[in-house]
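Architecture and fold: a report
What follows is each chain in one-letter form.
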Amino acid sequence: MQKEQITDKEAICLLIVFIIGSSLIIGIGGEANNDAWIAGIVGVLMAIPMLLIFSRLLSLFQGKDLFDILYITLGTVIGKIVAILYIWYAFHLGALVLRNFGEFINTVAMPETPMFVSLFCLGLVCIIAVRLGIEVLGRITTYFLPILLFILVVVHFLAIPQLHLNYIKPILGNGLISVLKGGLLTFSFPFAETVLLIGVFGSLKTKKSPFKVCYWGISISAIVIIITTIRNTAVLGNMLDSFYFPSYAAVSRIKIGDFIQRIEVSVAFVFIFGVFIKSSICLLVACKGIGKMFNLKDYRTIVIQMGLLMIYFSYIVYDNTMMMRYWAFKVYPFYAFPLQVILPIMIWVLAEIKLKQ
Amino acid sequence: MLCYQSLLIKGINSVIVVVIIGYSFLAIYEFIPLYKQKLWHDFWVNVVLGIFSFTIAILLCLDVEIPSPEKPIRELIVSIFGK
């Protein structure tokens, strides 16, 4: 397997797109309602220690990815069991993200097309991207991220006439508990999912780069997500929770002089690109895990089969959109918590002990 | 035979034909090169995954309801943490 390398800039772009990908459109905060932006800040604060742990792991084992680290720290047998958990998590997360995309297309754009068609089309693109490798993913993200940020900034400015800043008040009106719950949700839904990026960032160049990537990536993506949440709250008010896709609903309100209106397709563009990158990375990590587990020569040989399985799995995973939102907001944080927090902390402690000896 | 006729009426079998053609192309362009290069690990993992995904594809074509793992996970989480 030839060595693949990505630069720091590409890694930062990948991290940003991975985080803002699906959370921009599904929305964050859950039951915090108009305090969702505070929940976002709480989530970022919770996520920073975890991201530091992830980057510490990466810099301790420079040039190794998640599965190598697992085998080194936990031994072959336990390492393989934990690796299975991570492969399943990557596979499941990729399928969930694909499903978000399918529900989105089915709800807002093409209600009569079978969902399988949209899932299959995006899935094929992901398979091709993963077969081309992480370098290609990194490069395409560096090209597209400025466009995405430009769209986001322009849409924010255009939304200014629709803003009702009094919707944000009362601050902490629902009490602190709901904000903390929303914070846990924000922590687990976009931010701590970056645990999967350990599986990719083994191809970073230097020992210091993981910290730099983490620092820049998390600050930019947190700013983007929090500003978007404030805009959504200020446009939609307390109804924020009743939309399946709040960003889309908020942007569809924009209407400037009968001329600039119906620009929600711009949000769809950002969302589709984010989903593409996120599910590609999930597929890549799952394939790399299986490749390491069975000592394959190259992970690329199984990408097609894994991608097809991911598409089928995303097709059968939920019954409807309401189930998707229930899962994303009520079940997912607890389901992902061991994989996002407990296991990485254990691995980190073991790695520090092992390196001291 | 009856089953086959009902499938014909539903028009499902055309999809199955497409699936079978697609997977045979995959077999020709993916599996055979691996077999020729004697990469046995890659070949067997690929074959197992291929058979698995082929089975699921056929079941989806036949409108069989495949149980989703979403439900047991949800019930487990709800039983531990409450709603």
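So, here is what we can say about the structure in this document. Along each chain, residue indices are assigned from 1 in the same order as the chain's sequence is written. To label them, take the chains in the order written and letter them from A, then take the ligands in the order written and number them from 1. At least 70 in pLDDT is required for a residue's local features to be given in this predicted model, at least 80 for side-chain atom pairs to be given and counted, and no such filter applies to totals for whole chains, interfaces and linings, which use all residues. Hydrogens and water are ignored here; the side-chain numbers use all heavy atoms of the structure.

1. Quick look at the overall build of chain A
In plain terms, the rule: Secondary structure follows DSSP: runs of H or I at least 4 residues long count as helices, runs of E at least 2 residues long count as strands, and numbering of each begins at the N terminus. It is over C-alpha atoms that the radius of gyration is taken, and the globule rule equals 2.2 Å times the number of residues to the power 0.38. Each residue's exposure class comes from its accessible area (1.4 Å probe, protein chains only) as a fraction of the maximum for that residue type: buried when under 20%, exposed when over 50%, partly exposed otherwise. A contact between two residues is defined here by any heavy atoms of the two lying within 4.5 Å. The accessible surface values rely on the Shrake-Rupley method and a 1.4 Å probe; as for residues, cover is taken only from the protein chains in view. When charges are counted, neither His nor the chain ends are considered; positive counts come from Lys and Arg and negative counts from Asp and Glu. All charge positions are set by atom: Lys at NZ, Arg at CZ, Asp at CG, Glu at CD.
Looking only at helices and strands, one finds 12 helices and two strands in chain A. The order of α-helices and β-strands along chain A, N terminus first, is α-α-α-α-α-α-α-α-α-β-β-α-α-α. The globule rule puts the C-alpha radius of gyration for 357 residues at 21 Å, and the 20 Å found for chain A is close to it. Across its three principal directions, the C-alpha atoms of chain A cover 65 × 45 × 35 Å. By residue count, 62% of the 357 residues in chain A fall in the buried class. A separation threshold of at least 6 residues defines the contact pool for chain A, and within that pool the share at least 24 residues apart is 83%. When the accessible surface of chain A is totalled, it reaches about 14200 Å², and 70% of it is carbon and sulfur. Here chain A holds 27 positive side-chain charges and 17 negative ones, and the gap between their average locations is 7 Å.

2. Some points on the overall build of chain B
Of the regular secondary structure elements, chain B holds four helices and zero strands. Put simply, chain B runs from its N terminus to its C terminus through helices and strands in the order α-α-α-α. Accessible surface, chain B as shown: approximately 5800 Å² in total, 72% of it carbon and sulfur.

3. What to know about the nonpolar core
For the record, the criterion: Buried Ala, Val, Leu, Ile, Met, Phe, Trp, Tyr and Cys residues that are joined via side-chain atoms within 4.5 Å together make up what is termed a nonpolar core.
Of all hydrophobic cores here, the largest spans 150 residues; its most connected members are F67(A), Y86(A), F201(A), L283(A) and M306(A). One finds A36(A), L240(A), A249(A) and A250(A) within the second-largest nonpolar core, a separate group that totals six residues.

4. Examining the packing of helix α4 (residues 76-109) of chain A against helix α5 (residues 115-132) of chain A
Residues and elements named next belong to chain A. Rule in force here: A fitted line through C-alpha atoms represents every axis, and for helices the fit uses only the stretch in contact; the resulting angles, taken between N-to-C directions, go from 0 to 180 degrees. Geometric relationships in this document are graded by angle, where less than 35 degrees denotes roughly parallel, more than 145 denotes roughly antiparallel, 65 to 115 denotes roughly perpendicular, and other angles denote oblique. Crossing handedness is defined as follows: a turn of the near helix away from the far one that is anticlockwise and smaller than a right angle gives a left-handed crossing, while the clockwise case is right-handed.
Two numbers describe how α4 lies on α5: the axes approach to 9 Å, and their chain directions differ by 130°. Classified by the angle between their axes, α4 and α5 sit oblique to one another. The hand of the α4/α5 crossing is right-handed. Between α4, through L98, R99, F101, G102, E103, I105 and N106, and α5, the contact on the second element is made entirely by M115, S118, L119, L122 and G123.

5. Details of the side chain of S247(A)
All names here are of chain A. Relative to the helices and strands, S247 is located in helix α9 (residues 246-251). Overall, the relative accessible area of 2% leaves S247 in the buried class. Dropping the residues within four chain positions of it, S247 is found in contact with L24, I25, T228, R231, N232 and V267.

6. What to know about the environment of N100(A)
Residue and element names in this part refer to chain A. Counting through the fold element by element, N100 comes out in helix α4. Sequence separation between N100 and K3 is 97 residues, and the spatial gap between their C-alpha atoms is 33 Å. If sequence neighbours within four positions are ignored, N100 has contacts with S22, I26, F271 and M324.

7. What about the pattern of salt bridges?
All names here are of chain A. Just so we agree on the cut-off: Take a side-chain nitrogen of Lys or Arg and a carboxyl oxygen of Asp or Glu: if they are within 4 Å of each other, that pair is a salt bridge.
Inspection of every chain in the model, using the stated rule, returns 14 salt bridges over all chains. Between D68 and K292 there is a salt bridge, and its shortest N-O distance comes to 3.5 Å. On the criterion of sequence distance, the pair formed by D68 in helix α3 (residues 66-74) and K292 in helix α10 (residues 264-293) is long-range, its members being 224 residues apart. A cluster of three or more residues bridged by salt bridges with shared partners is formed by E4, D298 and R300.

8. Quick notes on the interface of chain B and chain A
The criterion, for reference: Reported buried area values correspond to the accessible surface (1.4 Å probe) lost by two parts on association, with both partners' losses combined. Any pair of N or O atoms that falls within 3.5 Å is considered a polar contact. Within protein, one atom must be able to donate a hydrogen and the other to accept it, and sequence-neighbouring residues count only if both atoms are side-chain atoms.
Each partner contributes residues to the interface: chain B has 28 residues there, and chain A has 29 residues. With both sides pooled, the region where chain B packs onto chain A buries about 2400 Å², and carbon together with sulfur makes up 75% of that total. The interface formed by chain B and chain A includes one salt bridge. For the interface between chain B and chain A, the tally reads eight residue pairs in polar contact (both at pLDDT 80 or more). At 11 residues, helix α3 (residues 40-61) of chain B tops the list of elements feeding residues into the side of chain B that touches chain A.

9. Things to note about unusual backbone geometry
Residues and elements named next belong to chain A. Here the residue pair K169 and P170 is connected by a cis peptide bond, since its omega of -5° sits within 30 degrees of zero. Look at L172: it is not a glycine, yet its phi comes out positive at around 60°. By the element assignment, L172 lies in the loop between α6 (134-158) and α7 (176-191). The partly exposed category is assigned to L172, whose relative accessible area is 40%. Residues other than glycine seldom take positive phi values, yet D258 does so here, at roughly 55°. The residue D258 is located in the loop between β1 (255-256) and β2 (260-261) in this model.

10. Comments concerning helix α4 (residues 70-81) of chain B
Rule in force here: One fewer than the residue count of a helix, multiplied by 1.5 Å, yields its expected span. By construction, the arc corresponds to the directions joining the helix axis to the C-beta atoms.
Taking 1.5 Å per residue as the helical rise, α4(B) with its 12 residues ought to reach 16 Å, and the 16 Å between its terminal C-alpha atoms agrees with that figure. Within α4(B), the full set of buried residues consists of E70(B), I73(B), R74(B) and I77(B). All buried residues of α4(B) lie within an arc of 100° about the axis, which places them on one face of the element. Exposed side of α4(B), more than 90 degrees from the buried face: L76(B) and S79(B) are the residues found there. Where the residues of α4(B) are buried, they touch α4 and α12 (321-356) of chain A. The positive-phi residue at the C-terminal boundary of α4(B) is G82(B), with phi of around 80°.

So far we have only geometry, and geometry alone does not tell us how the molecule works.
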